Each structure stands twice: as C-alpha cells, then as structure tokens.
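Descriptive analysis of the structure
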Amino acid sequence: MNLSLAIALTGGIASGKSTAASLLKLYGYHIICADEIAHQKLESSAEEVVRAFGEGILKDRDLDSSKIDRQKLGAIVFSNKNARQKLESILHPKIREEILSQAQMQESKGIPYFVDIPLFFETNSYPISRSLLIYTTKELQLKRLQERNHLSEEEALKRIESQISLEDKRVMASDVIENYGTLEELQSAIESYLRTL
Ligand code: ADP
C-alpha cells in the first residue's frame, strides 16, 4: 500500500503541531488525527489495558467508574519504558489499522491530506513518504510544554527526551516549518508551504 496523497504532519511534544493542524484545517485540508484515534482506541480497549496495568489506572473508584484516567496511565508509561512498550503493543495495531482505513478513503478523493502523527518517525510504520515537521528550539519546546501541561522542568525534559530530537527529525522530514515566532508568523509560513503543494 502506498498513500501517495498523504502528508505526515509531525513534530516533537509541544513544538506546535496541533496549532499547525488547526490552521491547516482552516485552509480546508482534511486531517486524520492519530491522537484522536488513539483516545478512541484506548476507550474501546479499556478492559485489556486494565488487565495489563491494574485498576490503579482507573478514574476515581468511589464513583464506580470504569474509565481510564489518562493522567495516571501517562505517569506510568512516561517513566517506564517496558510499560510504554506494553501499552503500545496493545494499542498500536488498532490505531494503525484505523488510520490506514481512513487514509484509503481520502486517497479516493484525489486531494492531498494530512495525517497528524506525533510519533511518525519513532513508530516508522506508515506507508507515507512525505512529511511536514513543525520545528522549534528545545528551549521553546520546554517552555511551552511546562506551561501547557503544568509540568516541572524535570518532568517536561523527561517527556521531550523520550522522543527523537527535533534536530534529528529535521534531517528526516521532507519539509520543515519553523515555529519560533508569533502565531501570525506560523500562519504565514503555513500559507507559503501550502502554495508549494
Ligand atoms: P504540539 O501539538 O506539538 O504538542 P501545540 O500546538 O499544542 O504543540 O503547542 C504547544 C503550546 O505552545 C500550546 O499551548 C500552543 O498554544 C503554544 N504555541 C504553539 N505555537 C505557538 C506560537 N507560534 N506562539 C505562541 N504559542 C504557541
């Protein structure tokens, strides 16, 4: 399978990928969002995930809820590589299948579309040859992540360093948009990029 009209939209945590995705949507492009699909698959696989990680990952048990608390699960998988791999082995195949099925629907429309995959280079499991990287400096990435997720510097660094660095992704990406200015500057960089499509 080759998804010839797909462009993988990627970045590093807090590099501005979601902000870029909203702008691309405003310009009328279709975006397949891997995170959204991942959330759906986590919900529909809740039983399997609880079997693997225990009931401690559920939301407030007093409420007799059977929903997974993503913060609690995140705390486990971000600090433990084996746990992360275990979760990935449960969810990735399901996420991949859904992304590919949505992408095939888009291919039939004949217009370029984006597949928003935060860990596109890390997972390296999609037949997509074009990619667009939203790039920023590590300092800004750290600052934006701390502010957005209310994390300490140490927690934020741990998350950033669990991914391939933006410097290395920059070399692998077919196109790069730099996001270290204002939102208006990001918007005009996206406009220039879209003119090249
Ligand atoms: P990602 O999806 O890559 O994790 P986001 O798009 O959520 O990153 O951006 C991370 C944070 O930085 C968000 O709070 C967002 O509003 C902010 N941000 C992104 N780009 C800019 C920018 N050019 N100027 C100011 N804030 C920005």
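Whatever comes next refers back to the structure up there.
On a predicted model such as this, the values are computed, not experimentally measured, just so you know. Within each chain, residue numbers correspond to sequence positions counted from 1 in written order. Only residues with pLDDT of 70 or above have their local features reported here, since the model is predicted, and side-chain atom pairs are shown and tallied only from 80 upward, although totals for entire chains, interfaces and linings are computed over all residues. Note: side-chain values were computed over all heavy atoms of the structure, leaving out hydrogens and water.

In this section: the overall build of the protein. Helix and strand content of the protein: 10 helices and five strands. Taken over C-alpha atoms, the radius of gyration is set against a globule rule of 2.2 Å times the number of residues to the power 0.38. For the protein, whose C-alpha radius of gyration is 18 Å, the value lies close to the compact-globule estimate of 16 Å for 197 residues. Overall, the C-alpha framework of the protein stretches about 55 × 40 × 30 Å when taken along its three principal axes. For every residue, the accessible area obtained with a 1.4 Å probe (protein chains only) is divided by the maximum for its type, and the residue is called buried under 20%, exposed over 50%, and partly exposed between those limits. Counting all 197 residues of the protein, 41% fall into the buried class. To be clear on the numbers: accessible area is Shrake-Rupley with a 1.4 Å probe, and residue cover counts the displayed protein chains and nothing else. Approximately 11100 Å² of the protein is accessible, and the part contributed by carbon and sulfur atoms is 48%. Charge centroids of the protein, computed over 25 positive and 29 negative side chains, lie 2 Å from each other. Comment: elements are numbered from the N terminus, with helices defined as DSSP H or I runs of at least four residues and strands as E runs of at least two. Positive charges are assigned to Lys and Arg, negative charges to Asp and Glu, while His and the chain termini are left out of the count. To locate a charge, the coordinates of NZ of Lys, CZ of Arg, CG of Asp or CD of Glu are taken.

In terms of burial, strand β1 (residues 6-10) is a largely internal element, five of the five residues being buried. What you see with β1 is no split at all: Ala6, Ala8 and Thr10 on one side and Ile7 and Leu9 on the other are buried throughout. Here a strand pair is declared whenever DSSP counts at least two bridges between the two strands. Bridging between β1 and strand β3 (residues 113-116) involves four bridges; their strand directions are parallel. Opposite Ala8, over in β3, you have Val115 as the bridge partner. Across four bridges, β1 lies against strand β4 (residues 130-135) in parallel orientation.

If you walk across this open sheet you meet the five strands as β2-β3-β1-β4-β5, and the pairing is parallel. Of all the strands in the sheet, just β2 (31-33) and β5 (175-178) have a single pairing partner and so form its edges. Averaged over all pairs of adjacent strands, the angle between their axes in this sheet comes to 25°, without regard to strand direction. Packing against the sheet, helix α2 (residues 34-44) makes contact with β2 and β3, and its axis sits at approximately 35° to β2. Strands β1, β3, β4 and β5 of the sheet are contacted by helix α10 (residues 183-195), whose axis makes an angle of about 160° with β5. All axes here are fitted lines through C-alpha atoms, helices being fitted over the stretch that makes contact, and every angle between N-to-C directions spans 0 to 180 degrees. Residue contacts are defined here by distance: any two heavy atoms, one from each residue, within 4.5 Å place the two residues in contact.

Two aromatic rings, drawn from Phe, Tyr or Trp (for Trp, its six-membered ring), form a pair once their centres lie within 6.5 Å of each other, and the interplanar angle then sorts them: stacked below 30 degrees, edge-to-face above 60, tilted otherwise. Under the counting rule described, the total for this entry stands at four aromatic pairs. Ring centres 6.5 Å apart and planes at 50° place the aromatic pair Phe114 and Tyr193 in the tilted group. With a gap of 79 residues between them, Phe114 in strand β3 and Tyr193 in helix α10 connect regions that are remote in the sequence. Here Phe114 and Tyr193 have matching classes, each one buried. Ring geometry for Phe120 and Phe121: centres 5.1 Å apart, planes at 65°, overall edge-to-face. Charges are assigned to positions over rings by a cutoff of 6 Å between ring centre and Lys NZ or Arg CZ, combined with an angular limit of 35 degrees from the ring normal. Note that Lys86 overlies the ring of Phe53, its terminal NZ or CZ placed 5.1 Å from the centroid.

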